[in-house]
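Okay, here's what each chain looks like letter by letter:
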Amino acid sequence: QCRSIHTFFMKRSLNLYWVNHKGEVIRKDRKVKPWRIKQCPQAYGVLECESGQSLVEFALLLPLLILLCFGFLQLSLAFQASSQLQHVTFQALQVGSITNDDNQITGAIEAFYEPGSIEIILENKDSDGHLLASAARRYGDQITLNLTYQYPLDFPLLNLTHIPLSATGSLPIL
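Just so we're clear, the structure is a prediction, and the values are computed from it rather than from any experiment.

Criteria and cut-off values
Residues numbered from 1 in each chain as written. Predicted model: local features only at pLDDT ≥ 70, side-chain atom pairs only at ≥ 80, totals over all residues. Heavy atoms only, no water. Buried < 20%, exposed > 50% of the residue type's maximum accessible area, 1.4 Å probe, protein only. Helix = DSSP H or I, 4+ residues; strand = E, 2+ residues; numbered from the N terminus. Arc of directions from axis to C-beta. Polar contact = N/O pair within 3.5 Å; in protein donor to acceptor, adjacent residues only side chain to side chain. Phe/Tyr/Trp six-rings, centres within 6.5 Å; stacked < 30°, edge-to-face > 60°. Pairing = 2+ DSSP bridges. Axes fitted to C-alpha atoms, helices over the stretch in contact; angles between N-to-C directions. Contact = heavy atoms within 4.5 Å. Core = buried A, V, L, I, M, F, W, Y, C linked by side-chain atoms within 4.5 Å. Salt bridge = Lys/Arg side-chain N within 4 Å of Asp/Glu carboxyl O.

J.: Which residues make up helix H2 (residues 102–110), and what values do they have?
T.: When we look at burial in H2, the residues that qualify are Ile105, Ala108 and Ile109. Mapping the buried residues of H2 onto a view down its axis gives an arc of 100°, with all of them on the same face. The backbone nitrogen of asparagine 103 lies 3.1 Å from a side-chain oxygen of the residue at the head of H2, namely aspartate 101.

Right under this line is the structure:
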């Protein structure tokens, strides 16, 4: 417990924060000069810090806080791009399952992404798991689609300018 304080022999002004037994600030005394006595009978304790110290600490931490905010924003955008990639994969597989046409599958993907910006790997397997040529696909055979997209970072970090995102799916020919 501390209900009074002195600033004898101090070289700089202090900010005093008087707190109750719950730790809540009940009074603030700013820029208390050296060689003074302050008291607060209702207080349980007091926190002392040099005047201006909070500003200096904030200025030191501000770049880190900004970096964390932008990093979180970039991570959120990358997660959204990953969800979109998974959605496009599923949509293209549905088109391929119904039409059994590679050009239709590629067209469904290129409706969302520019040609050449995404890597498309299309595999065809029969009911026994053997690889097939696209022209040999028929009812019941599996189409497996793997899309890979290099997501560009708006805020490059540690020489990382892209994040590789991929999505894979498989559907039978209807």
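J.: Could you give an account of the packing of aromatic side chains, naming the residues involved and the relevant values?
T.: Applying the stated criterion across every chain yields a total of three aromatic pairs. A network of ring pairs unites the aromatic residues Phe8, Phe9 and Trp35 as a single cluster.

J.: Just give me the short version of the sheet that holds strand S8 (residues 160–172), but keep the residues and values in it.
T.: Taken in spatial order, the three strands of this open sheet run S6-S7-S8, and their pairing is antiparallel. The two strands at the open ends of the sheet, each matched to only one other strand, are strand S6 (118–125) and S8. The mean inter-strand angle of the sheet, taken between neighbouring strand axes irrespective of direction, is 15°. When strand S7 (residues 142–157) meets S8, the two strands line up antiparallel, connected through 12 bridges. Pairing of leucine 145 across the sheet is with glycine 169, part of S8. With respect to the sheet, H2 is in contact with S6 and S7, its orientation differing from that of S6 by roughly 150°.

J.: How would you explain the nonpolar core if you had to name every residue and give the values?
T.: Within the largest apolar cluster, 20 residues are counted, with the highest numbers of intra-cluster contacts made by Leu85, Ile109, Ile118, Leu145, Leu147 and Tyr151. Mapped onto this core, the elements with two or more residues apiece are helix H1 (53–99), H2, S7 and S8. Core analysis: the second largest hydrophobic core is formed by eight residues, Ile5, Leu14, Cys40 and Val46 among them.

J.: I'd like a description of the sheet that holds strand S5 (residues 45–50), backed by residues and values.
T.: Across the sheet, three strands lie side by side as S3-S2-S5; this open sheet has antiparallel pairing. The open sheet has two free edges, formed respectively by strand S3 (25–32) and S5, since each of these has just one partner strand. On average, adjacent strands in this sheet sit at an angle of 15° to one another, irrespective of strand direction. Sheet topology places strand S2 (residues 14–19) next to S5; six bridges connect them, and they run antiparallel. For valine 19, the partnering residue across the bridge sits in S5 and is glycine 45.

J.: Summarise unusual backbone geometry; cite the residues concerned and give the values.
T.: Of note in the backbone geometry, phenylalanine 9 takes a positive phi value of approximately 65° without being a glycine. Mapped onto the fold, phenylalanine 9 is located in the loop between strand S1 (4–6) and S2. Residue asparagine 100 is not a glycine yet carries a positive backbone phi of 55°. In this fold, asparagine 100 is placed in the loop between H1 and H2.

J.: With reference to specific residues and values, describe the pattern of salt bridges.
T.: Inspection of the entire model under this criterion finds two salt bridges. Arginine 27 is the partner of aspartate 29 in a salt bridge, and the nearest nitrogen-oxygen pair spans 2.8 Å. Of the residues examined, arginine 27 reaches a relative accessible area of 29% and is grouped as partly exposed. The partner of aspartate 102 in a salt bridge is arginine 137, with the nearest N and O atoms 2.8 Å apart. Residue aspartate 102 is located in helix H2, and its partner arginine 137 is located in the loop between S6 and S7; the two are separated by 35 residues in the primary sequence. Assessed through its relative accessible area of 6%, arginine 137 is described here as buried.

J.: Please set out the pairing of S7 residue by residue, giving values where relevant.
T.: As defined by bridge partners, S6 adjoins S7 across eight bridges and the pair is classed as antiparallel. Along S7, the bridge assignment pairs asparagine 124 with isoleucine 143. In this antiparallel pair of consecutive strands, S7 and S8, the connection spans two residues, and leucine 158 shows a positive phi of 55°.

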